Amino acid sequence: MDRASTTPGLVEWLPLPATGDNVLRFTGDWTLPHFAALEAQLNRLKPQLPERPDVDFNAIGRIDTAGAGLIAVALGPKCLQYLAAHDRDVPRELRALLDTVSEAVAEIYAQRPPPRRNFGFVDMLADVGASISRVEALGVKLLAFIGLTLETLARGAWRPKRWRVTSLVAHMEQTGLDAVPIVALLSFLIGAVIAFLGATALQRYGATVFTVDLVSYAFLRELGVLLTAIILAGRTASAFTAQIGSMKIGEEVDAMRTMGLDPVELLVLPRVLALMIVTPLLAFLATLAGVVGGALVCWFALNITPSMFISVFQTDTPLHYLWLGLAKAPIFAFLIAVIGCHEGFKVAGSAQSVGERTTSSVVQSIFLVIVVDALAAMFFMEMKW
Amino acid sequence: MVNASPARDTVVEVRGLRSQFGAQVVHENLDLDVYRGEILGVVGGSGSGKSVLLRAILGLRRPAAGSVTLFGENLHDLPPDRRVAIESRCGVLFQNGALFSSLTVSENVRVPLMEHTDLSLADALRVAALKIALADLAPEVRHKYPSELSGGMKKRAALARALALDPEIVFLDEPTSGLDPIAAAAFDQLIRTLRDALGLTVFMITHDLDSLHAICDRVAVIAHKRVVVADTLDKVQRFDDPWVREYFQGPRGRAAGSVRALQ
């Protein structure tokens, strides 16, 4: 039975040869493929019909709910009720179908169309206002969540029994150890790029040896930790959001609460602490890889040998630059982990929501990391550190 | 009720099916027929592979051995366009609804309508509204997203989508679980009305003994990795197998049966 090869249904308002009374005669297939044509026929006939026409379904072919719906609308509820009660000519199955469909149709006609959205200027202003107040609410909620996390941490810190060491180590592996290759490789490449830039700019003044300083200052103070934080924001914040979000959808978080377990203690603390422990280590690694990348470019492009690179590095670069850079790492880690977890808890309902929250957590954490880094750079400069 | 006559039109034919996950065999040498116009109830214990059987019939799982044909065709052998043609003759209600979470209920029902028919958007909207009303959902539900619906409402919305194209066969995976008894009875009634009027074939996995009593023409019992019996409910109840006896003669089975007998 192919859907396309059916005969389109037909409806006629004809006098019966026997009595001369008009009867509404249905023939052919009243199915979905002919929907538009069938409706047009019924609409053409409708003005001529009395309130309760006689009907003849004896020659009708196939019929489905779409066709039955059209017939039910055209005949109206009164006629259908009469048919159900009296007309023995209509097969029982068809009457049941028309009955069921007419109830459904009545509901459709009973309700108003949904309000249409306008896309006018005022709506645009309202949208702008709404998103600004959303940002404000988001900030307040995030601060509240940070407070909750710190409170839970403070309460749990005195009770070693409640420390989730297994979970902590597992997260350290996932967020730290597994991220080593990507962090090292990207930092190495950026180190090489910075060295090339320095070489090109400084060559004009014959000061190519200062490329060493450029690379070391940049990586020790800023880039080592910043690159790490941005990679972790993309890699780990999104993972935290998706993990907690899907647990939320599966009602796992609710299950924890009903069992008297604290989701913040179980889910958030291990993630936050793990990331705070591994990020300084990764940042150190990134700094190392970036400097090595710069050193290689210096060697091959500028003929600064590694031993010369190291001696310039030792004399020119103060050690506290490294501490300044690494000091930012736990702060970035805390922000990334807390945002990732917070967005995870905001997931509601559907897979769509997980996607939206994940995007939001990556955007927020990269934004905050860069803002905090800029503030820190200004602060360090004012302090002449 | 439909009588068992030898020359009946077979819509689904499963022969010697074996399904396995790694070393774990779920079905071994399973045979099952679904005839046109019947309501077949499929029962079995938890983990007996009812949903796996459904996935095998729908071509979502390739059988490890044996054959599955749907409308006389093996879905895995068909070119993509023929396969789509067969699939558009089936409606499926998955256990958890499987509604598209990024679309509203009305859009969910419209997906098959827009993909497989030439309806205009306005007509598709009205056909979708009709199906949603048929599934006994209030009109305002049409513009809601699945995440805003209760479990029972999701189920009915999924039924509306399964019925969108007026399929020849619908596969229902535990359709009445999560519905209150009144809604479950209305659901049974709707399925029966559609079967009587449209000649719909229904393959229904269920644990609802009331549904089995109320609307199923035949009941297939999956146990010991195969269909041990597929016959009218009366004969199945009298079938000599410990699991089958426990299922129908246990306290719950007896209660559902005696209610039917009283009516």
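Residues numbered from 1 in each chain as written. Chains lettered and ligands numbered in written order. Predicted model: local features only at pLDDT ≥ 70, side-chain atom pairs only at ≥ 80, totals over all residues.

1. Some details on the overall build of chain B
To keep it simple, the criterion reads: Secondary structure elements follow DSSP: runs of H or I no shorter than four residues count as helices, runs of E no shorter than two count as strands, and numbering proceeds from the N terminus. As a rule, residues whose C-beta atom has 12 or fewer other C-beta atoms within 10 Å are exposed, those with 20 or more are buried, and those in between are partly exposed; C-beta atoms are placed from the backbone. Each residue gets a C-beta atom placed from its backbone, and two residues are in contact if those atoms lie within 7 Å.
Counting secondary structure elements, chain B contains 10 helices and 9 strands. When burial is assessed residue by residue, chain B has 42% of its 263 residues classed as buried. Sequence-distant contacts in chain B: of pairs separated by 6 or more residues, those separated by 24 or more amount to 66%.

2. As for the overall build of chain A
The helix and strand tally for chain A stands at 12 helices and 4 strands. The burial tally for chain A puts 33% of its 385 residues in the buried class. Of the contacts made within chain A by residues no fewer than 6 positions apart, 81% connect residues no fewer than 24 positions apart.

3. Some words on the interface of chain A and chain B
Heads up, the rule is: Think of it as three bins: nonpolar holds Ala, Val, Leu, Ile, Met, Phe, Trp, Tyr, Cys and Pro, charged holds Asp, Glu, Lys and Arg, and polar takes everything else, Gly as well.
Contacts between the two partners involve 27 residues from chain A and, on the opposite side, 25 residues from chain B. If you list the elements that add at least two residues to the side of chain A that touches chain B, you get α1 (35–45), α2 (65–85), α3 (92–110) and α12 (351–382) of chain A. Among the elements that make up the side of chain A that touches chain B, the one with the highest residue count is α3 of chain A (10 residues). Split by residue class, the side of chain A that touches chain B holds 15 nonpolar, 9 polar and 3 charged.

4. What about the sheet that holds strand β5 (residues 90–93) of chain B?
Residue and element names in this part refer to chain B. For the record, the criterion: Strands pair, by our definition, only if DSSP identifies at least two bridges between them. Every axis corresponds to a line fitted to the C-alpha atoms, with the helix fit spanning only the stretch in contact, and the corresponding angles, defined between N-to-C directions, vary from 0 to 180 degrees.
If you trace the 6 strands from one edge of the open sheet to the other, you get β5-β6-β7-β3-β8-β9, paired in mixed fashion. Edge positions in the sheet fall to β5 and β9 (226–231), since each has one partner strand and no second. Ignoring which end each strand starts from, the neighbouring axes of this sheet average 15° apart. On the sheet, helix α9 (residues 242–249) packs against β3 (39–44), β8 (218–223) and β9 and is oriented at approximately 125° with respect to β8.

5. Concerning the sheet that holds strand β4 (residues 65–70) of chain B
All names here are of chain B. The sheet built from 3 strands is open, its strands ordered β2-β1-β4 with antiparallel pairing. The open sheet terminates on both sides in strands that have one partner only, identified here as β2 (24–35) and β4. Going from strand to strand, the sheet's axes swing by 15° on average, the running direction of each strand aside. The sheet contact formed by strand β1 (residues 10–21) and β2 spans 8 bridges and is antiparallel.

6. What to know about the pairing of β5 of chain B
Residue and element names in this part refer to chain B. By the alternation rule, side chains of β5 split into Cys90 and Val92 and Gly91 and Leu93, which are all buried. Note that β5 and strand β6 (residues 169–173) share 4 bridges and pair parallel. In the sheet register, Leu93 faces β6, and the bridge partner there is Leu172.

7. Here's the deal with the pairing of strand β2 (residues 22–30) of chain A
Residues and elements named next belong to chain A. When strand β1 (residues 10–15) meets β2, the two strands line up antiparallel, connected through 6 bridges. Pairing of Leu14 across the sheet is with Val23, part of β2. Taken together, β1 and the strand that follows it, β2, pair antiparallel across an intervening segment of 6 residues, in which Gly20 is found at a positive phi of about 85°. When β2 meets strand β3 (residues 55–56), the two strands line up parallel, connected through 2 bridges. Bridge pairing in β3 places Leu24 opposite Val55. By the bridge criterion, 2 bridges tie β2 to strand β4 (residues 60–63) in an arrangement that is parallel. When the bridges of β4 are listed, Trp30 appears paired with Ile63.

8. Section: the packing of helix α3 (residues 105–116) of chain B against helix α4 (residues 121–134) of chain B
Residue and element names in this part refer to chain B. Here is the rule we go by: In this scheme, roughly parallel covers angles under 35 degrees and roughly antiparallel covers those over 145, while 65 to 115 is roughly perpendicular and the rest are oblique. In a left-handed crossing the near helix is turned counterclockwise from the far helix by less than a right angle, and in a right-handed crossing that turn is clockwise.
Interhelical geometry of α3 versus α4 gives an angle of 120° and a closest axis separation of 9 Å. As judged from the angle between their axes, α3 and α4 are oblique. Every pair of crossing elements has a handedness; the one defined by α3 and α4 is right-handed. Contact residues: Val105, Ser106, Val109, Arg110, Leu113 and Met114 in α3; Ala124, Val127, Ala128, Lys131 and Ile132 in α4. Considered class by class, the residues forming the contact of α3 with α4 number 8 nonpolar, 1 polar and 2 charged.

9. Section: helix α6 (residues 180–203) of chain A
For clarity, the threshold we go by: The length a helix should cover is 1.5 Å for every residue beyond the first.
With 24 residues, α6 of chain A ought to run about 34 Å at 1.5 Å a step, and its terminal C-alpha atoms sit 34 Å apart, in line with that. Restricting attention to buried positions, one finds in α6 of chain A the residues Val183, Ser187, Ile190, Gly191, Ala192, Ile194, Ala195 and Gly198 of chain A.

10. Regarding unusual backbone geometry
Residues and elements named next belong to chain B. In the Ramachandran plot, Ala98 falls in the positive-phi region, its phi being about 55° despite a non-glycine side chain. With respect to the helices and strands, Ala98 occurs in the loop between β5 and α3. Despite not being glycine, His224 has its phi angle at roughly 50°, a positive value. Position of His224 relative to the elements: it lies in the loop between β8 and β9.

11. Brief notes about the confidence of the model for chain B
Residues and elements named next belong to chain B. Stated formally: For every residue, the predictor assigns a confidence score, pLDDT, that lies between 0 and 100.
Scored by pLDDT, chain B has a mean of 84; 94% of the residues are at 70 or more. Here helix α10 (residues 251–262) stands out as the element of chain B with the lowest mean pLDDT, 66, in contrast to strand β7 (residues 201–205), whose mean of 92 is the highest. In the predicted structure, residues 1–6 sits below a pLDDT of 50 and forms 4 contacts with residues beyond four places in sequence or in another chain. The complex model carries a pTM of 0.68, and its ipTM stands at 0.70.

12. Examining the packing of helix α7 (residues 211–249) of chain A against helix α10 (residues 306–316) of chain A
All names here are of chain A. Running from N to C, α7 and α10 point in directions that differ by 60°, and their axes come no closer than 10 Å. Here α10 runs oblique to α7, going by the angle between their axes. Pair α7 / α10 crosses with right-handed handedness. Between α7 and α10, the residues in contact are Val212, Asp213 and Ser216 and Phe309, Val312, Phe313 and Asp316, respectively. Each residue belonging to the contact of α7 with α10 can be placed in one class, and the counts come to 4 nonpolar, 1 polar and 2 charged.

13. Some words on the environment of Gly344 of chain A
Residue and element names in this part refer to chain A. On the secondary structure map, Gly344 appears in helix α11 (residues 320–345). By the C-beta count within 10 Å, which is 29 here, Gly344 ends up buried. Measuring from C-alpha to C-alpha, the distance between Gly344 and Ser361 comes to 8.4 Å, with 17 residues separating the pair along the chain. Setting aside residues no more than four positions away along its own chain, Gly344 makes contact with Phe240, Thr241, Gln243, Ile244, Gly245, Lys248 and Arg357.

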